[in-house]
Amino acid sequence: MSRAGGKSGLRRAAWFSLAGVILAAIGFALYFNLWLYPGLGLSGFSRSDSQAALGHAALGFARSTGMAVEGFDLVKFHEVEGGEAYVWGAAVMRPGPADAALLGERVLVWVYLSFDGFRRSWVRVDAQVLAAPDNEMYFESGQPGQLGRARLALAKIASEEARRFREVWP
Amino acid sequence: MKIPCSGNAALKWIVFFFMAWVAVRGAQRTPEIASRLDPGTFYGALVGDSANAAIMKERHVDFSSETLRALNLRLSEVVAKPESLAAGTLVSRESLAMAKRREMARWYRESINSEHARFNLERQHILAAGKPAEPISCRPAHTASAAGEARP
(Lines give C-alpha, C1' and ligand atoms only; values in the text may rest on other atoms or scores of the structure.)
Protein backbone atom coordinates (compact mmCIF):
# COMPACT_ATOMS: atom_id res chain seq x y z
CA MET A 1 0.00 0.00 0.00
CA SER A 2 2.67 2.44 1.03
CA ARG A 3 4.91 1.42 -1.86
CA ALA A 4 2.10 1.86 -4.40
CA GLY A 5 1.19 5.20 -2.85
CA GLY A 6 4.78 6.43 -3.07
CA LYS A 7 5.09 5.40 -6.70
CA SER A 8 1.87 7.17 -7.72
CA GLY A 9 2.89 10.24 -5.71
CA LEU A 10 6.20 10.39 -7.57
CA ARG A 11 4.45 10.02 -10.90
CA ARG A 12 1.99 12.72 -9.97
CA ALA A 13 4.82 15.03 -8.96
CA ALA A 14 6.51 14.39 -12.30
CA TRP A 15 3.33 15.19 -14.21
CA PHE A 16 2.75 18.32 -12.15
CA SER A 17 6.26 19.60 -12.72
CA LEU A 18 6.01 18.87 -16.45
CA ALA A 19 2.70 20.76 -16.61
CA GLY A 20 4.27 23.59 -14.62
CA VAL A 21 7.22 23.85 -17.00
CA ILE A 22 4.89 23.86 -20.04
CA LEU A 23 2.61 26.47 -18.48
CA ALA A 24 5.58 28.64 -17.53
CA ALA A 25 6.94 28.39 -21.10
CA ILE A 26 3.55 29.40 -22.56
CA GLY A 27 3.25 32.24 -20.08
CA PHE A 28 6.74 33.49 -20.86
CA ALA A 29 6.11 33.30 -24.62
CA LEU A 30 2.91 35.33 -24.21
CA TYR A 31 4.60 37.88 -21.95
CA PHE A 32 7.57 38.23 -24.28
CA ASN A 33 5.63 38.53 -27.54
CA LEU A 34 2.64 40.54 -26.34
CA TRP A 35 4.21 42.82 -23.73
CA LEU A 36 8.01 42.92 -23.48
CA TYR A 37 9.13 42.96 -27.11
CA PRO A 38 6.36 45.24 -28.60
CA GLY A 39 6.98 48.14 -26.24
CA LEU A 40 10.71 47.74 -25.64
CA GLY A 41 12.45 51.13 -25.64
CA LEU A 42 9.41 52.92 -27.05
CA SER A 43 7.89 54.20 -23.80
CA GLY A 44 9.78 57.48 -24.07
CA PHE A 45 8.08 58.56 -27.31
CA SER A 46 4.81 60.46 -27.05
CA ARG A 47 1.90 60.06 -29.45
CA SER A 48 3.19 62.93 -31.61
CA ASP A 49 6.77 61.57 -31.61
CA SER A 50 5.76 58.93 -34.15
CA GLN A 51 8.70 59.41 -36.52
CA ALA A 52 11.26 59.10 -33.74
CA ALA A 53 9.54 55.95 -32.49
CA LEU A 54 9.55 54.49 -36.00
CA GLY A 55 13.23 55.31 -36.39
CA HIS A 56 14.00 53.65 -33.05
CA ALA A 57 12.12 50.50 -34.07
CA ALA A 58 13.92 50.42 -37.44
CA LEU A 59 17.31 50.78 -35.73
CA GLY A 60 16.42 47.91 -33.39
CA PHE A 61 15.50 45.71 -36.35
CA ALA A 62 18.72 46.66 -38.14
CA ARG A 63 20.84 45.88 -35.08
CA SER A 64 19.23 42.48 -34.59
CA THR A 65 19.75 41.51 -38.25
CA GLY A 66 23.20 43.01 -38.77
CA MET A 67 21.98 45.58 -41.29
CA ALA A 68 22.74 49.29 -41.64
CA VAL A 69 19.91 51.82 -41.98
CA GLU A 70 20.37 54.22 -44.89
CA GLY A 71 17.09 56.11 -44.60
CA PHE A 72 13.38 55.87 -45.12
CA ASP A 73 11.61 55.41 -48.41
CA LEU A 74 8.19 56.13 -46.88
CA VAL A 75 6.90 57.34 -43.52
CA LYS A 76 3.21 57.79 -42.84
CA PHE A 77 1.38 58.81 -39.70
CA HIS A 78 -2.39 58.52 -39.38
CA GLU A 79 -4.71 58.91 -36.47
CA VAL A 80 -8.40 58.68 -35.75
CA GLU A 81 -9.66 61.66 -33.78
CA GLY A 82 -9.86 60.57 -30.16
CA GLY A 83 -8.88 57.02 -31.08
CA GLU A 84 -6.09 54.99 -32.58
CA ALA A 85 -2.82 56.30 -34.01
CA TYR A 86 -0.57 54.47 -36.45
CA VAL A 87 2.80 55.06 -38.04
CA TRP A 88 4.34 52.90 -40.74
CA GLY A 89 7.16 53.16 -43.17
CA ALA A 90 9.70 51.40 -45.36
CA ALA A 91 13.33 51.75 -44.31
CA VAL A 92 16.15 51.29 -46.82
CA MET A 93 18.78 49.02 -45.29
CA ARG A 94 22.07 47.49 -46.37
CA PRO A 95 22.47 43.86 -45.29
CA GLY A 96 25.71 42.66 -43.76
CA PRO A 97 28.19 40.73 -45.91
CA ALA A 98 26.83 37.38 -44.72
CA ASP A 99 23.26 38.10 -45.85
CA ALA A 100 24.07 40.11 -48.98
CA ALA A 101 24.24 36.96 -51.14
CA LEU A 102 20.72 35.98 -50.10
CA LEU A 103 18.99 39.35 -49.75
CA GLY A 104 20.84 41.54 -52.23
CA GLU A 105 22.81 44.73 -51.70
CA ARG A 106 19.84 46.79 -50.52
CA VAL A 107 16.52 45.82 -49.01
CA LEU A 108 13.36 47.62 -47.99
CA VAL A 109 12.18 46.85 -44.46
CA TRP A 110 8.56 47.42 -43.50
CA VAL A 111 8.12 48.80 -39.97
CA TYR A 112 4.68 49.36 -38.50
CA LEU A 113 3.83 50.72 -35.04
CA SER A 114 0.54 51.58 -33.38
CA PHE A 115 -0.12 53.69 -30.33
CA ASP A 116 -1.43 51.65 -27.40
CA GLY A 117 -3.82 53.77 -25.39
CA PHE A 118 -3.64 51.43 -22.39
CA ARG A 119 0.16 51.52 -22.14
CA ARG A 120 0.33 55.12 -23.44
CA SER A 121 3.21 54.04 -25.62
CA TRP A 122 4.00 53.08 -29.18
CA VAL A 123 4.13 49.34 -29.74
CA ARG A 124 5.69 47.31 -32.55
CA VAL A 125 3.13 45.52 -34.67
CA ASP A 126 5.22 44.36 -37.61
CA ALA A 127 8.78 44.53 -38.88
CA GLN A 128 9.86 42.47 -41.88
CA VAL A 129 12.09 42.51 -44.93
CA LEU A 130 9.91 43.19 -47.96
CA ALA A 131 10.06 40.58 -50.73
CA ALA A 132 12.36 38.39 -48.59
CA PRO A 133 13.60 35.19 -50.29
CA ASP A 134 11.29 32.99 -48.18
CA ASN A 135 8.20 35.00 -49.10
CA GLU A 136 5.12 33.16 -50.32
CA MET A 137 5.00 35.35 -53.41
CA TYR A 138 7.74 33.22 -54.99
CA PHE A 139 5.75 29.99 -54.64
CA GLU A 140 4.60 28.27 -57.80
CA SER A 141 1.80 25.71 -57.98
CA GLY A 142 3.09 22.60 -56.24
CA GLN A 143 6.58 24.08 -55.87
CA PRO A 144 7.45 23.77 -53.01
CA GLY A 145 4.99 21.09 -51.90
CA GLN A 146 2.81 21.24 -48.83
CA LEU A 147 5.52 19.87 -46.54
CA GLY A 148 8.07 22.28 -47.91
CA ARG A 149 5.68 25.19 -47.37
CA ALA A 150 4.98 24.09 -43.80
CA ARG A 151 8.72 23.80 -43.15
CA LEU A 152 9.31 27.28 -44.58
CA ALA A 153 6.51 28.76 -42.46
CA LEU A 154 7.87 27.16 -39.28
CA ALA A 155 11.40 28.31 -40.11
CA LYS A 156 10.06 31.82 -40.64
CA ILE A 157 8.34 31.83 -37.24
CA ALA A 158 11.42 30.42 -35.51
CA SER A 159 13.80 32.89 -37.13
CA GLU A 160 11.51 35.82 -36.30
CA GLU A 161 11.37 34.64 -32.69
CA ALA A 162 15.16 34.30 -32.57
CA ARG A 163 15.50 37.78 -34.05
CA ARG A 164 13.22 39.19 -31.35
CA PHE A 165 15.33 37.56 -28.66
CA ARG A 166 18.44 39.05 -30.27
CA GLU A 167 16.79 42.47 -30.33
CA VAL A 168 15.79 42.30 -26.66
CA TRP A 169 18.99 40.66 -25.39
CA PRO A 170 21.75 41.57 -27.88
CA MET B 1 -34.22 16.31 -10.62
CA LYS B 2 -35.96 18.43 -8.05
CA ILE B 3 -34.36 21.73 -7.18
CA PRO B 4 -35.14 22.61 -3.59
CA CYS B 5 -36.25 26.19 -3.64
CA SER B 6 -38.39 27.80 -1.01
CA GLY B 7 -38.62 31.19 -2.68
CA ASN B 8 -40.01 29.92 -5.98
CA ALA B 9 -41.93 33.07 -6.77
CA ALA B 10 -38.97 35.26 -5.85
CA LEU B 11 -36.76 33.24 -8.19
CA LYS B 12 -39.28 33.68 -10.99
CA TRP B 13 -39.37 37.42 -10.41
CA ILE B 14 -35.58 37.67 -10.38
CA VAL B 15 -35.32 35.71 -13.65
CA PHE B 16 -38.06 37.86 -15.17
CA PHE B 17 -36.30 41.03 -14.05
CA PHE B 18 -32.97 40.04 -15.58
CA MET B 19 -34.57 38.88 -18.83
CA ALA B 20 -36.38 42.22 -19.07
CA TRP B 21 -33.08 43.97 -18.33
CA VAL B 22 -31.38 42.02 -21.13
CA ALA B 23 -34.20 42.91 -23.51
CA VAL B 24 -34.05 46.62 -22.63
CA ARG B 25 -30.26 46.84 -22.88
CA GLY B 26 -30.31 44.91 -26.16
CA ALA B 27 -32.96 47.22 -27.58
CA GLN B 28 -30.93 50.25 -26.53
CA ARG B 29 -28.07 48.96 -28.65
CA THR B 30 -30.04 48.59 -31.87
CA PRO B 31 -29.17 51.30 -34.40
CA GLU B 32 -32.80 52.49 -34.55
CA ILE B 33 -32.83 53.36 -30.85
CA ALA B 34 -29.13 54.07 -30.18
CA SER B 35 -29.05 56.66 -32.99
CA ARG B 36 -31.88 58.56 -31.28
CA LEU B 37 -30.81 58.11 -27.65
CA ASP B 38 -27.30 59.46 -28.19
CA PRO B 39 -26.78 60.53 -31.81
CA GLY B 40 -23.39 62.10 -31.15
CA THR B 41 -21.80 58.94 -29.80
CA PHE B 42 -23.55 56.68 -32.32
CA TYR B 43 -22.56 58.59 -35.45
CA GLY B 44 -19.16 59.47 -33.99
CA ALA B 45 -18.43 55.77 -33.55
CA LEU B 46 -19.52 55.05 -37.14
CA VAL B 47 -17.25 57.81 -38.45
CA GLY B 48 -14.37 56.62 -36.25
CA ASP B 49 -14.73 53.01 -37.42
CA SER B 50 -14.86 54.08 -41.06
CA ALA B 51 -11.82 56.33 -40.62
CA ASN B 52 -9.93 53.45 -39.01
CA ALA B 53 -10.91 51.11 -41.85
CA ALA B 54 -9.78 53.68 -44.44
CA ILE B 55 -6.39 54.01 -42.67
CA MET B 56 -5.92 50.23 -42.65
CA LYS B 57 -6.78 49.93 -46.35
CA GLU B 58 -4.30 52.70 -47.13
CA ARG B 59 -1.67 50.78 -45.17
CA HIS B 60 -2.36 47.71 -47.31
CA VAL B 61 -1.82 49.78 -50.47
CA ASP B 62 1.42 51.17 -49.06
CA PHE B 63 2.64 47.71 -48.11
CA SER B 64 1.91 46.49 -51.61
CA SER B 65 3.57 49.41 -53.39
CA GLU B 66 6.66 49.17 -51.16
CA THR B 67 6.82 45.43 -51.88
CA LEU B 68 6.76 46.30 -55.58
CA ARG B 69 9.64 48.74 -55.06
CA ALA B 70 11.59 46.04 -53.21
CA LEU B 71 10.94 43.59 -56.07
CA ASN B 72 12.10 46.16 -58.62
CA LEU B 73 15.23 46.75 -56.54
CA ARG B 74 16.01 43.01 -56.43
CA LEU B 75 15.18 42.55 -60.11
CA SER B 76 17.50 45.35 -61.20
CA GLU B 77 20.29 43.89 -59.04
CA VAL B 78 19.75 40.46 -60.56
CA VAL B 79 19.75 41.85 -64.10
CA ALA B 80 22.95 43.79 -63.41
CA LYS B 81 24.68 40.90 -61.63
CA PRO B 82 23.15 37.50 -62.51
CA GLU B 83 25.80 35.75 -60.38
CA SER B 84 24.29 37.37 -57.25
CA LEU B 85 21.43 34.84 -57.29
CA ALA B 86 22.06 32.23 -54.61
CA ALA B 87 21.41 28.67 -55.72
CA GLY B 88 18.85 26.54 -53.89
CA THR B 89 16.50 29.41 -53.07
CA LEU B 90 13.07 30.25 -54.43
CA VAL B 91 14.31 33.44 -56.06
CA SER B 92 15.14 33.43 -59.74
CA ARG B 93 14.58 35.83 -62.59
CA GLU B 94 11.40 34.01 -63.57
CA SER B 95 10.01 33.83 -60.03
CA LEU B 96 10.85 37.51 -59.51
CA ALA B 97 8.90 38.45 -62.63
CA MET B 98 6.00 36.26 -61.54
CA ALA B 99 6.02 37.77 -58.05
CA LYS B 100 5.98 41.22 -59.60
CA ARG B 101 2.93 40.38 -61.72
CA ARG B 102 1.19 38.96 -58.64
CA GLU B 103 2.02 41.96 -56.54
CA MET B 104 0.78 44.36 -59.23
CA ALA B 105 -2.57 42.56 -59.26
CA ARG B 106 -2.66 42.75 -55.50
CA TRP B 107 -1.82 46.45 -55.53
CA TYR B 108 -4.70 47.02 -57.94
CA ARG B 109 -7.16 45.19 -55.66
CA GLU B 110 -5.88 46.97 -52.55
CA SER B 111 -6.17 50.40 -54.14
CA ILE B 112 -9.77 49.68 -55.15
CA ASN B 113 -10.51 48.59 -51.57
CA SER B 114 -8.85 51.73 -50.25
CA GLU B 115 -10.95 53.90 -52.53
CA HIS B 116 -14.12 52.13 -51.39
CA ALA B 117 -13.15 52.71 -47.76
CA ARG B 118 -12.64 56.42 -48.46
CA PHE B 119 -16.07 56.61 -50.15
CA ASN B 120 -17.59 54.92 -47.11
CA LEU B 121 -15.91 57.41 -44.78
CA GLU B 122 -17.34 60.31 -46.80
CA ARG B 123 -20.76 58.72 -46.62
CA GLN B 124 -20.53 58.31 -42.85
CA HIS B 125 -19.53 61.97 -42.52
CA ILE B 126 -22.62 62.95 -44.51
CA LEU B 127 -24.84 60.69 -42.40
CA ALA B 128 -23.36 62.14 -39.21
CA ALA B 129 -23.98 65.66 -40.46
CA GLY B 130 -27.61 64.89 -41.26
CA LYS B 131 -28.29 62.99 -38.06
CA PRO B 132 -31.68 63.35 -36.34
CA ALA B 133 -31.68 66.60 -34.43
CA GLU B 134 -33.82 65.54 -31.52
CA PRO B 135 -33.28 62.40 -29.51
CA ILE B 136 -36.30 60.55 -28.10
CA SER B 137 -35.67 61.56 -24.51
CA CYS B 138 -35.18 65.21 -25.30
CA ARG B 139 -35.60 68.14 -23.02
CA PRO B 140 -37.84 71.00 -24.11
CA ALA B 141 -36.20 73.07 -26.82
CA HIS B 142 -34.47 76.25 -25.65
CA THR B 143 -36.41 78.31 -28.16
CA ALA B 144 -39.70 77.54 -26.42
CA SER B 145 -38.75 79.26 -23.15
CA ALA B 146 -36.91 82.05 -24.92
CA ALA B 147 -39.85 82.97 -27.10
CA GLY B 148 -42.25 82.47 -24.23
CA GLU B 149 -44.61 80.29 -26.20
CA ALA B 150 -45.45 76.65 -25.82
CA ARG B 151 -44.97 74.38 -28.82
CA PRO B 152 -46.07 70.80 -29.22
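Remember, it's a predicted structure, so these values are computed and weren't measured experimentally.

Thresholds applied
- Residues numbered from 1 in each chain as written.
- Chains lettered and ligands numbered in written order.
- Predicted model: local features only at pLDDT ≥ 70, side-chain atom pairs only at ≥ 80, totals over all residues.
- Helix = DSSP H or I, 4+ residues; strand = E, 2+ residues; numbered from the N terminus.
- Rg over C-alpha atoms; globule rule 2.2 N^0.38 Å.
- Buried ≥ 20, exposed ≤ 12 C-beta atoms within 10 Å, placed from the backbone.
- Contact = placed C-beta atoms within 7 Å.
- Core = buried A, V, L, I, M, F, W, Y, C linked by C-beta atoms within 7 Å.
- Domains from an automatic or database assignment.
- Nonpolar A, V, L, I, M, F, W, Y, C, P; charged D, E, K, R; others polar.
- Pairing = 2+ DSSP bridges.
- Axes fitted to C-alpha atoms, helices over the stretch in contact; angles between N-to-C directions.

1. Some points on the overall build of chain A
Piece 1. For chain A, the helix and strand inventory stands at four helices and four strands.
Piece 2. Ordering the α and β elements of chain A from the N terminus gives α-α-β-β-α-β-β-α.
Piece 3. Computed over its C-alpha atoms, the radius of gyration of chain A comes to 21 Å, more than 25% above the 15 Å expected for a compact globule of 170 residues.
Piece 4. Across its three principal axes, chain A shows a C-alpha extent of roughly 75 × 45 × 30 Å.
Piece 5. When the 170 residues of chain A are sorted by exposure, 26% land in the buried category.
Piece 6. Counted over contacts in chain A with a minimum sequence separation of 6, partners at least 24 positions apart contribute 50%.

2. With respect to the nonpolar core
Piece 1. Ranked by size, the top nonpolar core spans 43 residues in total, and within it Ala57(A), Val109(A) and Val111(A) carry the most contacts.
Piece 2. When residues of this core are traced back to their parent elements, those giving at least two are helix 2 (50-65), strand 2 (85-94), strand 3 (107-116) and strand 4 (121-129) of chain A together with helix 3 (39-80) and helix 4 (93-129) of chain B.
Piece 3. The element contributing the most residues to this core is strand 3 of chain A, with eight residues.
Piece 4. When residues no more than four places from it in sequence are discounted, the contact partners of Val111(A) are Leu54(A), Ala57(A), Ala58(A), Phe61(A), Trp88(A), Gly89(A), Ala91(A) and Ala127(A).

3. Some words on the domain arrangement of chain A
Residues and elements named next belong to chain A.
Piece 1. Split into domains, chain A comes out as domain 1 (2-130) and domain 2 (134-170).
Piece 2. On a C-alpha basis, the centres of domain 1 and domain 2 stand 16 Å from each other.
Piece 3. At the interface, seven residues of domain 1 touch six residues of domain 2.
Piece 4. Ranked by the residues each element gives to the side of domain 1 that touches domain 2, the list is headed by helix 2, at four residues.
Piece 5. Class assignment for the residues of the side of domain 1 that touches domain 2 results in three nonpolar, three polar and one charged.

4. Some remarks on the interface of chain A and chain B
Piece 1. The interface is formed by 23 residues belonging to chain A together with 24 residues belonging to chain B.
Piece 2. Mapped onto the side of chain A that touches chain B, the elements with two or more residues apiece are strand 1 (68-79), strand 2, helix 3 (97-103) and strand 3 of chain A.
Piece 3. Per-element tally for the side of chain A that touches chain B: the top contributor is strand 1 of chain A, with four residues.
Piece 4. Grouping the constituent residues of the side of chain A that touches chain B by class yields 15 nonpolar, three polar and five charged.

5. Quick notes on the sheet that holds strand 4 of chain A
Piece 1. Pairing is antiparallel across the open sheet formed by four strands, whose spatial order is 1-2-3-4 (chain A). Where the open sheet ends on each side, the last strands, each with one partner, are strand 1 and strand 4 of chain A. Neighbouring strand axes in the sheet, compared pairwise and without regard to direction, differ in orientation by 20° on average.
Piece 2. Sheet analysis places strand 2 of chain A next to strand 3 of chain A, joined by eight bridges and oriented antiparallel. If you follow Ala90(A) over to strand 3 of chain A, its bridge partner there is Trp110(A).
Piece 3. The strands touched by helix 3 of chain B are strand 1, strand 2 and strand 3 of chain A; relative to strand 3 of chain A, the strand with the most contacts, the crossing angle is about 160°.

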